[in-house]
Structure formats: C-alpha cells, structure tokens
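Fold and contact review
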Amino acid sequence: MNANEMIDAIEEIFPDAHCELNHETPFQLLIAVVLSAQTTDASVNKVTPALFERWPDSSTLAKADLREVEQTLKTLGLFRSKAKNIIALSQDLEEKFDGQVPMTFKDLQSLAGVGRKTANVVRSVAFDIPSLAVDTHVNRVSKRLGLAKSEDSVEKVEEKLRRKIDRNRWNKAHHDLIFFGRYFCTARNPKCDECPFVPSCKKKKLDLYTKKQKEMEKAKILTQDKPSLK
C-alpha cells in the first residue's frame, strides 16, 4: 500500500478531517497555532474566545499588557513565553507587514515564535497553499506507517511526505494524518485491532528506537553529573 492509498484508507475512517483550531481570520489562526505548541487544540480553543474578544487583531495585541495576556493564557503550558511571543509576533506584523499575515515561508518564519510547522499550517489552512505540516501526530503516524524512518527528523519526515503524497492532496492529507494520530493511532493505546495498516505497521520498531534514544539521553545526563576523579 503506497502513501496515497494509505491516505484513502484514513479518509474512509475520517472523511471530515479538518483544522480544529477555532479562528475567523488568518491572524487568529496564526495566534492559535503558536499557542498550540505542546498543548491540545481543545485547550487552545478554551482561551482564544476571551483572547480574541479583547485583542482581535495585531494592532490591538501589539499594544497589549504582557501581564494581562498572561492571565488570559494561564491555563496553557508555557503561557508566559507564549504571551510574550504573540505580542512580539503582533508587533512584527504591524511593523513589517502592515498588520497583514504574510504568505511566504520566509516572511512567516521571520515572526516571533513562528517555526516551519506553524508556517505550513497557516499557508495550508488560511491561504490554501499546498503544504504538509508535521506535528507530533503526523510525525508519529508517518513513522508507524513506514512513510518515514524512526530516526528521521521532522524536516526529513516532511520531505518524504511531500515526495510520496500527491501535491494536490497535501492540505487534506495533513488533517487526515492528524485525525488518525489524535483519535485512532494514538501515542498510548492505539486501536491496533481495528487498524487497516497492521501488516505493515512499524510501531514496535519505532518504540524500540524511542526507548534506546531515551536510554542514551539518560546515560549522557548521568555521565555529565558524575563527579570528576581529578
């Protein structure tokens, strides 16, 4: 089964996969994606209504008081750094792009707190530009399905997906893979008994690689902490 056939199979399970971050404008999507780092979309959706009611665009958020923004985001992980980033991001938008969210990778990644994944999501969802963002779900699923190797970096996973999936399917495939990873092929207790990809699944190989990486990191830390005999 090739990559496009896998996407077909996933779409049979999740025909309505879509972006679950609530937003009304490209700016609000951009902010929501930045806030979603290391937290769930559901958690972000709980704070953005109050955030966007108070600061609906870059011109207002650029002038916001940091402490007030922190209070609005306090239920999110890393809320202090996220508050600082979205204010700085808004200031960047005002100063560099007249308050308009840019469309190119270079311009998007010039904004505070915006990396490749965020840029890909904004290009895909806000502007319908063929893009394949690799978040934790896409990364895990791609490796379990054998679309990428266990040791591949996020950038390498994106490169392989772009090569293996038809370009006109990138935007939908991104959401397909996220839904599959979020609700089916979960990090813990995946629904293997119902999975159409069991014959080709690389979960055990990925788990073994991940375990070895954690052991190596632990050994490295222990070595660094070991007192010198000199």
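As a reminder, the structure under discussion sits directly above these lines.
This structure is a prediction, so every number in the text was calculated from the model and none was measured.

With that out of the way, let us pick up the overall build of the protein chain. Within the protein chain one finds twelve helices and zero strands. Listed N to C, the secondary structure of the protein chain is α-α-α-α-α-α-α-α-α-α-α-α in terms of helices and strands. Counting only C-alpha atoms, the protein chain reaches 60 × 55 × 30 Å along its principal axes. For the protein chain, buried positions account for 45% of its 230 residues. For the protein chain, long-range pairs separated by at least 24 residues make up 62% of all intrachain contacts whose partners lie at least 6 apart in sequence. Per element, the accessible surface of the protein chain, about 13,000 Å² overall, is 50% carbon and sulfur.

Turning to the packing of aromatic side chains, a few remarks are in order. All chains considered together, the criterion is met by five aromatic pairs. With a centroid separation of 5.9 Å and 75 degrees between ring planes, the pair formed by Phe 14 and Phe 179 is classed as edge-to-face. Note that Phe 14 is positioned in the loop between helix H1 (3-13) and helix H2 (26-35) and Phe 179 in helix H11 (residues 170-183), a separation of 165 residues in sequence. Taken individually, Phe 14 and Phe 179 each receive the classification buried, so the pair is uniform in this respect. Between Phe 180 and Phe 197 the ring centres are 5.6 Å apart and the planes differ by 80 degrees, which places this aromatic pair in the edge-to-face class. Remark: Phe 197 occurs in the loop between H11 and helix H12 (203-225) and Phe 180 occurs in helix H11; sequence separation between them is 17 residues. Taken together, the ring pairs in this structure connect Phe 14, Phe 179 and Tyr 183 into an aromatic cluster. Here the basic side chain of Arg 116 rests over the ring of Phe 105, its NZ or CZ set 4.5 Å away from the ring centre.

As a further point, take the state of the cysteines. According to the stated counting rule, one finds zero disulfides in the structure shown. Cysteine Cys 201 remains unbridged, with the sulfur of Cys 192 as its closest cysteine sulfur at 6.0 Å. You can call Cys 201 partly exposed: its relative accessible area is 35%.

Taken as a whole, this structure holds 14 salt bridges when the rule is applied. In this structure, the salt-bridge partner of Arg 116 is Glu 158, at a minimum N-O distance of 2.7 Å. Residue Arg 116 is located in helix H8 (residues 116-127), and its partner Glu 158 is located in helix H10 (residues 154-164); the two are separated by 42 residues in the primary sequence. Across the salt bridge formed by Asp 152 and Lys 160, the nearest N and O atoms sit 2.8 Å from each other. This pair shows no difference in class: Asp 152 is buried, exactly as Lys 160 is.

Cut-offs applied
Residues numbered from 1 in each chain as written. Predicted model: local features only at pLDDT ≥ 70, side-chain atom pairs only at ≥ 80, totals over all residues. Heavy atoms only, no water. Helix = DSSP H or I, 4+ residues; strand = E, 2+ residues; numbered from the N terminus. Buried < 20%, exposed > 50% of the residue type's maximum accessible area, 1.4 Å probe, protein only. Contact = heavy atoms within 4.5 Å. Areas by Shrake-Rupley, 256 points an atom, 1.4 Å probe, with all protein chains shown as cover. Phe/Tyr/Trp six-rings, centres within 6.5 Å; stacked < 30°, edge-to-face > 60°. Lys NZ or Arg CZ within 6 Å of the ring centre and 35° of its normal. Disulfide = S-S within 2.5 Å. Salt bridge = Lys/Arg side-chain N within 4 Å of Asp/Glu carboxyl O.

Read these as geometric descriptors, not functional statements.
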